[in-house]
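# Notes for the structure review
Listed here are the chains, written in short residue letters.
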Amino acid sequence: MPYSVAIRTLALRPEVLYRVIESVFSQTVPPREVAVYLADDSVMPERRVGAERYYRVAKGMMSQRILDYRELSAPVILMLDDDIVLGPDVAGRLLDGMAEGYDLLGVDVMKTHLLPAATRLKAALTGWVLPSVFAVKAFRLRSSGAFSYIARPIEGRIYPTDTVAGPLMMWRRSVWEALRMRDELWLERFEFAYGDDALESYKATANGYRAGCLFTSQVENLDAATSSGRYEADKERFYVRTLAQLLTWHRMLYRPTAGGRPSLRALIAAAARQAWMLPVMAGACVAMRSTRPMRSHLRALRDFCREVRRPPFSLLPSYILTE
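What comes next concerns the included structure. (Residues numbered from 1 in each chain as written. Predicted model: local features only at pLDDT ≥ 70, side-chain atom pairs only at ≥ 80, totals over all residues. Heavy atoms only, no water.)

## Side note on the environment of R47
As a reminder, the rule being used: Each helix is a run of DSSP H or I of at least 4 residues and each strand a run of E of at least 2, with the numbering of both proceeding from the N terminus. Think of it in three bands: with a 1.4 Å probe and only protein chains considered, a residue is buried below 20% of the maximum accessible area for its type, exposed above 50%, and partly exposed in between. Any two residues whose heavy atoms approach within 4.5 Å at even a single point are treated as in contact.
When you line up the elements, R47 lands in the loop between β2 (33-39) and β3 (53-57). Since its relative accessible area comes to 37%, R47 is described here as partly exposed. Spatially, the C-alpha atom of R47 lies 9.5 Å from that of E15, the residues being 32 residues apart in sequence. Excluding residues that lie within four positions of it along the chain, R47 makes contacts with Y18, E22, E52 and Y54.

So, in structure tokens, the structure goes:
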């Protein structure tokens, strides 16, 4: 099955980008073409690794991903961030999954199940991100908007999943086009596009398409700390995190059909999660010796209640497509 590769980049570290492109051209199943989507204010890299072509597009995590891809001709598109280096067999294994009937595939690039115990405990306490020993799915999106993840995946296996990580997604092109992804560009309003990958990938699951996640050690994330580092340095991070979480929860789980009946189950679950977050934010205030975390959290709750009732959010088309 032929596939094309689309890489989004700011080209801040050209040497890393070159490694990514080299790994793409080194696949045992080579791509039909490779397109690099460069932010319009970024400096064009000087070197060409192979036959890759550069295209300037609007800057943004979502603006550089949610494209029509007219330059690409294959029925499958492998979308990469500019810090994901592939082992030689990764594309071939993903294509095998596509042949098995998946419409969207990702890879566990974050290795959540292998994170240090202290990191996993923090994620559980502050975000309700919980492991599941008996999970059938790689990642499950729960009614509260929180995630659970498989605790003991088998290397080399593809598991069904609700969502996949944004740094690496392989889409069946017809599905990508059918899902009207441009409707989700509203999230680009945040400088840090928190939850963009879940918003995009869960749209496939919610609309009845098959999503899967490959667990493999053949994918290396060279710059995993950069975006998270920028997020941690942002004084508004508590506000952005809470507001983005609530807006995407509303969009994906609470009222995914415009004009439809909201989910009482999702409302109860999200209310419980936000109640849990109040003492978490109080603890953050003590740790930081500042009231900023709590003030930011409460301000986000207030703004969420306002924004869901007014344009542009209130005018968004249905997340679950009815036509």
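## Quick look at empty space enclosed by the protein
A probe as big as a water molecule, rolled over the atoms, marks out the empty space that is left. Going by this rule: Of the grid points, spaced at 1 Å and generated over the protein atoms alone, those admitting a 1.4 Å probe that cannot get out make up cavities, while open sets with protein on both sides within 12 Å along at least five of seven lines make up pockets; any residue with an atom within 4 Å of a point is treated as lining. Grid points are joined across faces, edges and corners, and a volume is the space filled by probe spheres set on the points. Throughout, the ten residues Ala, Val, Leu, Ile, Met, Phe, Trp, Tyr, Cys and Pro are labelled nonpolar, Asp, Glu, Lys and Arg are labelled charged, and all others, Gly among them, are labelled polar.
Counted under the stated rule, the structure contains one cavity of 30 Å³ or more. Around the largest cavity sit S144, Q245, L246, W249, A270, R273 and Q274, which together line it. Listed by contribution, the elements that provide at least two residues to the lining of the largest cavity are α7 (237-254) and α8 (264-288). Residues of the lining of the largest cavity, tallied by class, amount to three nonpolar, three polar and one charged.

## Points about the sheet that holds strand β8 (residues 139-141)
Backbone-to-backbone hydrogen bonds join strands into a sheet, with any given pair of strands oriented parallel or antiparallel. Filter applied, for reference: Two strands form a pair only when DSSP identifies at least two bridges running between them. Geometry is summarised by axes, namely lines fitted to C-alpha atoms with helices restricted to the contacting stretch, and by angles between N-to-C directions that run from 0 to 180 degrees.
If you trace the three strands from one edge of the open sheet to the other, you get β7-β9-β8, paired in mixed fashion. Looking along the sheet, the strands with just one partner apiece sit at the ends: β7 (130-132) and β8. Strand-to-strand twist across the sheet, computed as the mean angle between neighbouring axes with direction ignored, equals 30 degrees. As judged from the three bridges shared by β8 and strand β9 (residues 147-150), these two strands associate in the antiparallel manner. Note that in β9 the partner of F139 across the bridge is Y149.

## Here we look at the pairing of strand β4 (residues 76-81)
The buried fraction of β4 amounts to six of the six residues, a majority that puts the element mostly inside the structure. Of the two faces of β4, the one holding V76, L78 and L80 and the one holding I77, M79 and D81 are both buried throughout. Here six bridges tie strand β1 (residues 3-9) to β4, and the two strands are oriented parallel to one another. The residue of β4 that forms the bridge with V5 is L78.

## As for the pairing of β2
The buried count for β2 comes to six of seven residues, which makes it a mostly enclosed element. Judged from the five bridges that link them, β2 and β3 form a sheet pairing that is parallel. For L38, the partnering residue across the bridge sits in β3 and is R56.

## What about the packing of α7 against helix α9 (residues 292-307)?
The cut-off we apply is this: Note that the term roughly parallel is reserved for angles under 35 degrees, roughly antiparallel for angles over 145, roughly perpendicular for angles of 65 to 115, and oblique for everything else. Here a crossing is taken to be left-handed if its near helix is turned anticlockwise relative to the far helix by less than a right angle, and right-handed if that turn runs clockwise.
Between α7 and α9, the shortest axis-to-axis distance is 8 Å and the interhelical angle comes to 30 degrees. Considering their axes alone, α7 and α9 lie roughly parallel with respect to each other. Two packed elements cross with a definite hand, and for α7 against α9 that hand is right-handed. Across the interface between the two elements, F238, Y239, T242, L243, L246, L247, W249 and H250 of α7 pack against P293, S296, H297, R299, A300, L301, D303, F304 and E307 of α9. Looking at side-chain class alone, the contact of α7 with α9 contains ten nonpolar, four polar and three charged residues.

## Some words on the sheet that holds β2
The strand order across the open sheet built from eight strands is β3-β2-β1-β4-β11-β6-β12-β10, with neighbouring strands paired in mixed fashion. At either end of the open sheet lies a strand with only one pairing partner, and these are β3 and β10 (158-160). Strand-to-strand, the axes of this sheet are offset by a mean angle of 25 degrees, without reference to chain direction. Most of the contacts of helix α1 (residues 14-25) go to β1, to which it runs at about 175 degrees, and overall it touches β1, β2, β3 and β4. Sheet strands in contact with helix α5 (residues 196-206) are β1, β6 (104-107), β11 (168-172) and β12 (211-214), and its direction is about 30 degrees off that of β11.

## What to know about unusual backbone geometry
Each neighbour pair has its own omega, and for P311 with P312 the value is 5 degrees, a cis peptide bond. For P312, the position within the fold is in the segment after α9. Although it is not a glycine, A11 sits at a positive phi angle of roughly 55 degrees. Along the chain, the position of A11 falls in the loop between β1 and α1. According to the relative accessible area criterion, A11 is buried, its value standing at 11%. The backbone phi angle of R289 is positive, close to 55 degrees, even though this residue is not glycine. Residue placement: R289 occurs in the loop between α8 and α9. Residue classification places R289 among the exposed positions, given a relative accessible area of 79%.

## Quick word on the nonpolar core
The line we're drawing: By convention a nonpolar core is built from buried Ala, Val, Leu, Ile, Met, Phe, Trp, Tyr and Cys residues, the set being connected through side-chain atoms within 4.5 Å.
With 46 residues, the main nonpolar core has Y37, Y69, W171 and L247 as its most contacted residues. The greatest single-element share of this core, amounting to ten residues, is contributed by α7. Excluding residues that lie within four positions of it along the chain, L247 makes contacts with W186, R189, F190, F304, E307, V308 and F313. Counting 33 residues, the second largest nonpolar core, distinct from the first, contains I21, L86, L94 and L168.

## Re the packing of aromatic side chains
Using the following cut-off: Ring geometry is summarised as follows: Phe, Tyr and Trp rings, the Trp one being its six-membered ring, pair when their centres sit within 6.5 Å, and such pairs are stacked at plane angles under 30 degrees, edge-to-face over 60 and tilted between the two. Lysine and arginine charges are scored as sitting over a ring when NZ or CZ, respectively, is within 6 Å of the ring centre and within 35 degrees of the ring normal.
Under the counting rule described, the total for this entry stands at ten aromatic pairs. Connected via pairs of aromatic rings, a cluster forms that spans Y37, Y55, Y69, W171 and W176. The lysine or arginine in question, R47, covers the ring of Y18, its NZ or CZ lying 4.3 Å from the ring centre. Its guanidinium or amino end placed over the ring of F190, R189 lies 4.5 Å from that ring's centre, counting from NZ or CZ.

Any link to function would need more than the numbers given here.
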